[in-house]
Amino acid sequence: MYLAHTKDMRQQTMKEHAYNVARLSEKFADDFNSSKYAYYIGMYHDIGKYTLPFQKRVRGESIQAEHSLAGAVAFYEASTY
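This one's a predicted model, so the numbers in the text were calculated from it and none came from an experiment. Each chain carries its own residue numbering, running from 1 in the direction its sequence is written. Residues qualify for local features only when their pLDDT is at least 70, as the model is predicted, and side-chain atom pairs are given and counted only at 80 or more; totals for whole chains, interfaces and linings, by contrast, use all residues. Side-chain numbers here rest on the full set of heavy atoms in the structure, without hydrogens or water.

**Focus on the environment of Lys27**
Our working rule: Secondary structure elements follow DSSP: runs of H or I no shorter than four residues count as helices, runs of E no shorter than two count as strands, and numbering proceeds from the N terminus.
Note that Lys27 resides in helix α1 (residues 14-29). Along the sequence, Lys27 and Ala38 sit 11 residues apart, while their C-alpha atoms lie 8.5 Å from each other.

Listed below in structure tokens is the structure:
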């Protein structure tokens, strides 16, 4: 199971986190008619959390784990084809 967060003994899976962020992004973007675009950006934004270093970090190892850039790169690459 891939985790996005752990807090106060609660674990949030990546699937749950990505869906929640996507829906929230979609809602915020409704005001400027960009809800579908925002939904996909929300789905992509934390793709880097699927990496082994991040998964080790979220499970308690004291290591550095960059996770924010991967989603931006993946979204850019997917949107240019």
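**Digging into unusual backbone geometry**
Glycine aside, negative phi is the norm for most residues, and most peptide bonds take the trans geometry. Rules: Accessibility here uses a 1.4 Å probe with only protein chains present; expressed as a share of the type maximum, an area under 20% marks a residue as buried, one over 50% as exposed, and anything in between as partly exposed.
Here the phi dihedral of Asp8 falls at roughly 50°; this positive angle occurs in a residue that is not glycine. Positionally, Asp8 belongs in the loop between β1 (3-7) and β2 (10-13). Relative accessible area serves as the criterion here: at 70%, Asp8 is assigned to the exposed category. One non-glycine residue, Met9, lies in the positive phi region at around 70°. Examined against the element boundaries, Met9 turns out to sit in the loop between β1 and β2. Look at Met9 and you get exposed, because its relative accessible area is 86%.

**Things to note about a nonpolar patch on the surface**
Test applied: Like charges within 9 Å and nonpolar side chains (Val, Leu, Ile, Met, Phe, Trp, Tyr) within 5 Å are joined into patches, using only residues over 30% in relative accessible area that form no salt bridge. To be clear on the numbers: accessible area is Shrake-Rupley with a 1.4 Å probe, and residue cover counts the displayed protein chains and nothing else. A side-chain nitrogen of Lys or Arg and a carboxyl oxygen of Asp or Glu constitute a salt bridge if their distance falls within 4 Å.
On the surface, Tyr2, Ile47 and Tyr50 cluster together into a nonpolar patch covering about 280 Å² of accessible area. Structurally, Ile47 is set in the loop between α2 (35-44) and α3 (52-58).

**Notes on the pairing of β1**
Spelled out, the test is: Criterion used throughout: strands pair if DSSP finds at least two bridges between them.
In terms of strand pairing, β1 meets β2 through 4 bridges, oriented antiparallel. Each residue of the ladder has a partner; that of Lys7, found in β2, is Arg10. Between the end of β1 and the start of β2, which pair antiparallel, lie 2 residues, with Asp8 showing a positive phi angle near 50°.

**Let's talk about α2**
Convention followed: Note that the arc is computed from the directions linking the helix axis to the C-beta atoms. Residue contacts are counted whenever heavy atoms from the two residues lie within 4.5 Å of one another.
Listed in full, the buried residues belonging to α2 are Ser35, Ala38, Tyr39 and Gly42. The buried residues of α2 occupy an angular sector of 105° when projected down its axis, which confines them to one face. For α2, the exposed residues lying more than 90 degrees away from the buried face are Lys36 and Tyr37. The inward-facing, buried residues of α2 contact α1.

**Observations concerning the packing of aromatic side chains**
Our working rule: Here is the rule: rings of Phe, Tyr and Trp (six-membered ring for Trp) pair when centre to centre is within 6.5 Å. Planes less than 30 degrees apart are stacked, more than 60 are edge-to-face, and the remainder are tilted.
The full count for this structure, using the stated rule, is 4 aromatic pairs. Measuring from ring centre to ring centre gives 5.6 Å for Tyr37 and Phe75, while their planes differ by 75°; the resulting arrangement is edge-to-face. In this pair, Tyr37 is assigned in helix α2 and Phe75 in helix α4 (residues 68-79), connecting sequence segments 38 residues apart. The class of Tyr37 is exposed, set by a relative accessible area of 54%. On the basis of relative accessibility, which here comes to 16%, the residue Phe75 falls in the buried class. Relative to Tyr40, the ring of Tyr39 lies with its centre 5.6 Å away and its plane at 90°, an arrangement referred to as edge-to-face. Tyr40 gets classed as partly exposed once you look at its relative accessible area, which sits at 46%. An aromatic cluster is defined as three or more aromatic residues linked by ring pairs; in this entry it consists of Tyr37, Tyr44 and Phe75.

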